[in-house]
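Single-letter residue listing:
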Amino acid sequence: MKFLVAVNEFKGSLSSYEIGEIILNKINKSIYNHEVTMEVVADGGDGFLGLFKNFERKQFRTLNAALEEHTVSYLLNNITKEAVIEVAEVIGLKQLSEDQKDPYKTSTVGLGKLISHLLDESIESFIIGLGGSATNDCGIGMLSELGIKFTSMSGEICSHGISDLSKIENINLDNKIQKLSKAKFTIISDVNSPLYGKDGATYIYSKQKGLTEDDFSIVDTYVEKFSEKVSVVVGKDYSSFPGSGAAGGLGYAFLSFLDSTIQSGSSFMINYLDLEKIIQGIDIVITGEGKLDKQSYMGKAPIEIARIAKKANKKVIFLAGSILDEELKDLSSEDKGLVDASFSIQREFLSLEKAMNKSVAINNIEQTIEQILTILEFRNG
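Predicted model only: the values in this text are computed from it and were never measured.

**Student:** I'm lost on helix 7 (residues 216-234) in this one. Help?
**Tutor:** Quick reminder: α-helices carry 3.6 residues per turn. Residues three or four places apart thus point the same way. Taking 1.5 Å as the rise per residue, helix 7 with 19 residues should run 27 Å; its terminal C-alpha atoms sit 26 Å apart, in good agreement. Contacts made by the buried residues of helix 7 are with helix 4 (140-145), strand 7 (149-151), helix 5 (161-165), strand 8 (170-172), helix 6 (201-205) and helix 8 (246-257).

Written out as structure tokens, the structure reads:
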């Protein structure tokens, strides 16, 4: 039997690569004669760098979202002059303590420093995974590092967080880095949100970044006013463009000021890995993510992989830390048919903290795979 193992990360617990290796090794150590192909699943957020092949991993000293120095990884292909950046790695939530999560202060300047460095290295093609950011500054920190000047009514430089965003009155492009004229950015995100409004960056994503609900409408007004000024300067309004609200408005910054296109993370990953071709040669797809719920069916990578598998008449097994059956019962019959069998890996009642412990999660995945293999052998016996 031939398996494709392509499981998304269990956020805060295990990476996609770690889960894939656990399952691959468990199947290979079984007494059964199986073949396993393992692929990393990443749609633009944490673990995005693990998706790519034929790149060299490099390091750079920059600033995190709280403006503290730290060393980040990125990928570089000197032959094609192409770089891959994972926003979560540079200015992500994962680097911050709870006390540091404050979008009024958190900044995208560290991302701008990395891009500026790569431009100095004559890199002209960028792939940027937008997920997991800790910011809501519409990219003003990044853009400031690229030579775009934002100032207040009094002439004060504005480059950090919502506090500065709210003061911006003037935008000057005169000192924009010249090498940007040759640079192209492919932005990867499965977020289709506009920049502002009830479905925008602030209302949907800023709470996890430390913004209180009482501030949503205030900040959203700042963001809207900023976009009005930007549209006058650049001659086009990208605020309603799907994905402009990604990463606290970083999508909007790329679209408005840089030569950029946004692609769905799931579609990019599926095409990059040529998963349609791989799936043609296997029998069963094992996919999954931390939680299987209604949102899983809104463009997330595991279900999009399942969709391709069903087109090829392959079986799909879904692994999850938790499964919300109450939400799944309302799915259409077509969506319900995308997964042949779903398994929660939890073996007992545990606190979330303990369930996310790596050793516990590894043991639970191994035991679940063992049970799945036994069921398959019964079926084939």
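Picking up where we left off.
**Student:** Can you walk me through the packing of aromatic side chains in this structure?
**Tutor:** Describing an aromatic ring pair means giving the distance of the ring centres and the angle of the ring planes. Applying the stated criterion to the full structure yields 13 aromatic pairs. Look at phenylalanine 52 and tyrosine 272: their rings are 4.9 Å apart centre to centre, the planes differ by 55°, and that puts the pair in the tilted class. One end of the pair, phenylalanine 52, is in the loop between strand 2 (35-38) and strand 3 (56-63); the other, tyrosine 272, is in helix 9 (residues 265-273), with 220 residues separating them in the sequence. Here phenylalanine 185 and phenylalanine 254 contribute two aromatic rings whose centre-to-centre distance is 5.4 Å and whose plane-to-plane angle is 50°, an arrangement assigned as tilted.

**Student:** Help me understand the side chain of serine 116, please; the structure alone is not making it clear to me.
**Tutor:** Within the secondary structure, serine 116 sits in helix 3 (residues 109-120). What makes serine 116 buried here is its relative accessible area of 15%. When neighbours within four sequence positions are excluded, serine 116 is seen to be in contact with Glu145, Leu146 and Ile177.

**Student:** I would appreciate a short explanation of the sheet that holds strand 4 (residues 69-77) in the present structure.
**Tutor:** Strand pairing in a sheet relies on backbone hydrogen bonds. The paired strands run either parallel or antiparallel. With respect to topology, six strands assemble into an open sheet ordered 3-4-5-6-9-10, the strand pairing being mixed. Edge strands, defined here as strands with exactly one partner in the open sheet, are strand 3 and strand 10 (260-263). Recorded for the sheet is a direction-independent mean angle of 25° between the axes of neighbouring strands. Across three bridges, strand 4 lies against strand 5 (residues 82-86) in antiparallel orientation. In the strand pairing of strand 5, asparagine 77 is matched with glutamate 82. Packing of helix 3 onto the sheet brings it into contact with strand 3, strand 4, strand 5, strand 6 (125-129) and strand 9 (184-188), and relative to strand 3 it is tilted by some 130°. Relative to the sheet, helix 8 contacts strand 6, strand 9 and strand 10, its axis offset from that of strand 10 by approximately 140°.

**Student:** Got a minute to help me understand the environment of isoleucine 23 in this structure?
**Tutor:** Turning to its location among the elements, isoleucine 23 is positioned in helix 1 (residues 16-28). For isoleucine 23, the contacting residues outside a window of four places in its chain are Val5, Val7, Ile286, Leu319, Ile365 and Ile369.

**Student:** What should I look at first to understand the environment of glycine 210 in this one?
**Tutor:** Along the chain, glycine 210 falls in the loop between helix 6 and helix 7. With 111 residues separating them along the chain, glycine 210 and aspartate 99 place their C-alpha atoms 8.6 Å apart. Not counting residues up to four positions away in its chain, the partners in contact with glycine 210 are Lys101 and Pro103.

**Student:** Sorry, what's going on with the state of the cysteines here?
**Tutor:** What makes a disulfide is a covalent bond joining the sulfur atoms belonging to two cysteines. Overall, the coordinates contain zero disulfides when judged by the stated rule. Looking at cysteine 158, it has no disulfide partner, and the nearest cysteine sulfur is the one in cysteine 138, 13 Å off. Cysteine 158 gets classed as buried once you look at its relative accessible area, which sits at 0%.

Cut-offs and rules
- Residues numbered from 1 in each chain as written.
- Predicted model: local features only at pLDDT ≥ 70, side-chain atom pairs only at ≥ 80, totals over all residues.
- Heavy atoms only, no water.
- Helix = DSSP H or I, 4+ residues; strand = E, 2+ residues; numbered from the N terminus.
- Expected span 1.5 Å × (residues − 1).
- Contact = heavy atoms within 4.5 Å.
- Phe/Tyr/Trp six-rings, centres within 6.5 Å; stacked < 30°, edge-to-face > 60°.
- Buried < 20%, exposed > 50% of the residue type's maximum accessible area, 1.4 Å probe, protein only.
- Pairing = 2+ DSSP bridges.
- Axes fitted to C-alpha atoms, helices over the stretch in contact; angles between N-to-C directions.
- Disulfide = S-S within 2.5 Å.

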